[in-house]
Each structure stands twice: as structure tokens, then as C-alpha cells.
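Chain residues, written in single-letter form:
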Amino acid sequence: MRHQRTFGLDAGQLDELEARIDDILPEPWDKGTGRPKSLPLREAIMVTLLCKRQNLTEEVIADVFGISQGTVSGIITEFTPLIAQATEAFRPDMDEARQMTRGRLALVDGTLWPCWSWENARELWAGKYRTTGHGSLIIGDEFGNIIFVSDPAPGCDHDMKKLEGEVEEILDIAGSVIADKGFQGSGYVTPVKKPADRELYMREHEYNDQISSIRAPIERAVAHLKTWKILFTDYRRPLNTFLDSFRAAIGLYFFELSF
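Quick look at the structure, then.

## Brief notes about the overall build of the protein chain
Part 1 of the reasoning: On a plain count of helices and strands, the protein chain comes out with 10 helices and 6 strands.
Part 2 of the reasoning: Along the longest, intermediate and shortest principal axes, the C-alpha atoms of the protein chain span 75 × 40 × 30 Å.
Part 3 of the reasoning: Out of the 259 residues belonging to the protein chain, those deemed buried represent 46%.
Part 4 of the reasoning: Sequence separation of at least 24 residues holds for 67% of the intrachain contacts in the protein chain that already meet a minimum separation of 6.
Part 5 of the reasoning: On the protein chain, roughly 13200 Å² of surface is accessible, and the fraction owed to carbon and sulfur atoms is 50%.
Part 6 of the reasoning: Of the charged side chains in the protein chain, 30 are positive and 40 negative, and the gap between their average positions amounts to 4 Å.

Quick look at the structure:
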């Protein structure tokens, strides 16, 4: 099986993740007594990775592994926080991000992690994207390296609101920050918006093209991050599980890069 394409990790990376999870399990996965587990530890991890990488329905994953949908749901519920914990050290925190950003050119971009529409969670509606989800800001450098990913906020929050707190503190010490039109008024370098009473001048078009060219690496980096399709396609599991799934997927992205 092509582990990298299917699960997002190759066999060696899967070995390392399995060892890390085995270390933090509260008790051995298979005690050798009592009712046997439906899957070995490695395959239980693979079930969860398949969910994060491909965002398949639980029924399809159940068919792949020859177990019930309920068992798949239970495994994903149990192992998602474990993966988030096992990969936590690979997710850049604010202090690390500040060190990497200090005095340098920084690129910032907002994105949406889509989810199902929930009647009791109207705050997830993101007018900019015309769908529901959670939003984050991503900081990167001119080479397309992601430096920091903010925790998800309700989709209704504007990028300028999401800027408050950790992201703003990180960008405050950058040498220069380039952002999109949603950050106008922040003091960052942003494209020129079209005035209501005229078309953009040629020099303004050329300026915007230059900004877009400089910002291209962060957009490509975000697209690569979303190869973990749990972040790219509608999140179907209960909303109260999203934060763990988000942190697990972000952790897996940086875990994979560490190799």
C-alpha cells in the first residue's frame, strides 16, 4: 500500500508516530487478556490517519478495514487527541514563530476550514466564502515555509479580528508584512482596492501584480497544508471534536515535514 499517498505518512514516519502514541497511551492497547481489540495499534492509527488525510466517511473506512462503522467512530474519537498530543511538539508555538519572524519579511493569509452547516452554530457562516466553517490565519515566509497557524475562530470573524492576539504579536516584530486586501488598515503592505468611482490605473494594476507575486508562496503553502482533506472538505463529525481534529492535522503536517 502507498502509505504516503493514502495516509499522508510513509512507513518510517508511521513507525515513529506509532512509537510516540504507544508511549502516551494510558494503558497498553492490547493487554493480551480479555476481549481482543478489533485492530492492532498500528491499524487503529491508520484508520485515524485515513480520516484526516482523505476525510472519507466512516462507512467507507469501515469497509476498507473490515470492521463496523461504530468501531471506526470509536477509534477516531480515541486516537485523534492522541495524535494531536503526539505531534504537539512539531506545531510552532508563538515563541518559536516570533524567533523565525523577527526582522524578516512575513506573509499572512486567512483561510477557512469548512464544515457542515449546524443550526445551533450560526456564527460559523463566513460571508466571504459563502459557506460555513472555522477560520485561521497562516503566517509564512517568502520561500513558502509556514511559520505559524492560529487556532480556529468562528467563520463569521473578519481576518482583522482574527489578527488580534498571538498573530499580531508575531507580526509586530517582522521587518515587513505583506497581506491581502482583507488587511487594509492594518499597516501591512496590501493590494490597492478598486475605488468606487473609477477603474484602477495601470500603475496600480502593476503594483497589485507585484504584491500577488510576492504572496504566491503563502497561498501555495496553504494549499499544501490542505492536502490533509479534513481541513479542505466539509468537516462532518460533531463540532466539539473539531479542535482536536484541527490540531492533529496541523501537527501531522509539521510532523511529516520534520522528516
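## Observations regarding the packing of helix H2 (residues 11–24) against helix H5 (residues 69–86)
Part 1 of the reasoning: Running from amino to carboxyl end, H2 crosses H5 at an angle of 105°, the nearest separation of the two axes being 9 Å. With respect to each other, H2 and H5 are oriented roughly perpendicular. Across from Leu-17, Arg-20, Ile-21 and Ile-24 in H2, the residues of H5 making contact are Phe-79, Leu-82, Ile-83, Gln-85 and Ala-86.
Part 2 of the reasoning: For the contact of H2 with H5, a count of residues per class yields 7 nonpolar, 1 polar and 1 charged.

## Remarks on the pairing of strand E3 (residues 131–140)
Part 1 of the reasoning: Burial of E3 is extensive: 9 of the 10 residues sit out of reach of the surface.
Part 2 of the reasoning: Across 2 bridges, strand E2 (residues 125–126) lies against E3 in antiparallel orientation. Residue pairing across strands places Ala-126 opposite Thr-131, the latter belonging to E3.
Part 3 of the reasoning: The pairing of E3 with strand E5 (residues 153–154) spans 2 bridges and is antiparallel. Bridge pairing links Gly-135 to Ala-153 in E5.
Part 4 of the reasoning: As judged from the 3 bridges shared by E3 and strand E4 (residues 146–149), these two strands associate in the antiparallel manner. Within E4, the residue paired with Ile-139 across the bridge is Phe-148.
Part 5 of the reasoning: Hairpin connection, E3 to E4: the antiparallel pair is bridged by 5 residues, and Gly-144 has positive phi, about 90°.

## Re the pattern of salt bridges
Part 1 of the reasoning: A full pass over the atoms with the stated rule returns 14 salt bridges.
Part 2 of the reasoning: The salt bridge involving Lys-194 is made with Glu-199; its shortest N-O contact spans 3.9 Å.
Part 3 of the reasoning: We classify Lys-194 as partly exposed; its relative accessible area is 45%.
Part 4 of the reasoning: Notably, a salt bridge pairs Arg-198 with Glu-204, separated by 3.0 Å at the nearest N-O pair.
Part 5 of the reasoning: On the basis of relative accessible area, Arg-198 is assigned to the partly exposed category, the value being 25%.
Part 6 of the reasoning: With relative accessibility at 12%, the residue Glu-204 sits in the buried group.

## Some points on the packing of aromatic side chains
Part 1 of the reasoning: Throughout the structure, instances matching the rule amount to 9 aromatic pairs.
Part 2 of the reasoning: Ring plane angle 90° and centroid distance 5.1 Å describe the contact between Phe-90 and Phe-255, whose orientation is recorded as edge-to-face. With Phe-90 in the loop between H5 and helix H6 (94–101) and Phe-255 in helix H10 (residues 242–257), this residue pair connects regions lying 165 residues apart in the sequence.
Part 3 of the reasoning: A relative accessible area of 0% means that Phe-255 is categorised as buried.
Part 4 of the reasoning: Aromatic side chains Tyr-253 and Phe-254 sit 5.0 Å apart centroid to centroid with 85° between the ring planes, which places their arrangement in the edge-to-face category.
Part 5 of the reasoning: A residue is classified by how much of its surface remains accessible, and Tyr-253, at 4% relative accessible area, is buried.
Part 6 of the reasoning: Clustering of aromatic rings is evident, with ring pairs tying together Trp-113, Tyr-235, Phe-242 and Phe-246.
Part 7 of the reasoning: Its guanidinium or amino end placed over the ring of Trp-228, Arg-53 lies 4.8 Å from that ring's centre, counting from NZ or CZ.
Part 8 of the reasoning: Positioned above the aromatic ring of Tyr-201 is the side chain of Arg-198, whose terminal nitrogen or guanidinium carbon lies 3.9 Å from the ring centre.

## Section: the layout of surface pockets
Part 1 of the reasoning: Roughly 240 Å³ of internal volume is contained in the largest pocket.
Part 2 of the reasoning: In terms of lining residues, the largest pocket is bounded by 13 residues, among which Arg-91, Pro-92, Phe-148, Val-149 and Asp-151 are the most central.
Part 3 of the reasoning: Mapped by element, the contributors of at least two residues to the lining of the largest pocket are E4 and H10.
Part 4 of the reasoning: When residues in the lining of the largest pocket are grouped by element, the largest group, 4 residues, is from H10.

Basis of the calculations
- Residues numbered from 1 in each chain as written.
- Predicted model: local features only at pLDDT ≥ 70, side-chain atom pairs only at ≥ 80, totals over all residues.
- Heavy atoms only, no water.
- Helix = DSSP H or I, 4+ residues; strand = E, 2+ residues; numbered from the N terminus.
- Buried < 20%, exposed > 50% of the residue type's maximum accessible area, 1.4 Å probe, protein only.
- Contact = heavy atoms within 4.5 Å.
- Areas by Shrake-Rupley, 256 points an atom, 1.4 Å probe, with all protein chains shown as cover.
- Lys, Arg positive; Asp, Glu negative; His and termini not counted.
- Charge placed at Lys NZ, Arg CZ, Asp CG, Glu CD.
- Axes fitted to C-alpha atoms, helices over the stretch in contact; angles between N-to-C directions.
- Parallel < 35°, antiparallel > 145°, perpendicular 65-115°, else oblique.
- Nonpolar A, V, L, I, M, F, W, Y, C, P; charged D, E, K, R; others polar.
- Pairing = 2+ DSSP bridges.
- Salt bridge = Lys/Arg side-chain N within 4 Å of Asp/Glu carboxyl O.
- Phe/Tyr/Trp six-rings, centres within 6.5 Å; stacked < 30°, edge-to-face > 60°.
- Lys NZ or Arg CZ within 6 Å of the ring centre and 35° of its normal.
- 1 Å grid on protein atoms, 1.4 Å probe; cavity = no way out; pocket = protein on both sides within 12 Å on 5 of 7 lines; lining within 4 Å.
- Points joined across faces, edges and corners; volume = space filled by probe spheres on them.

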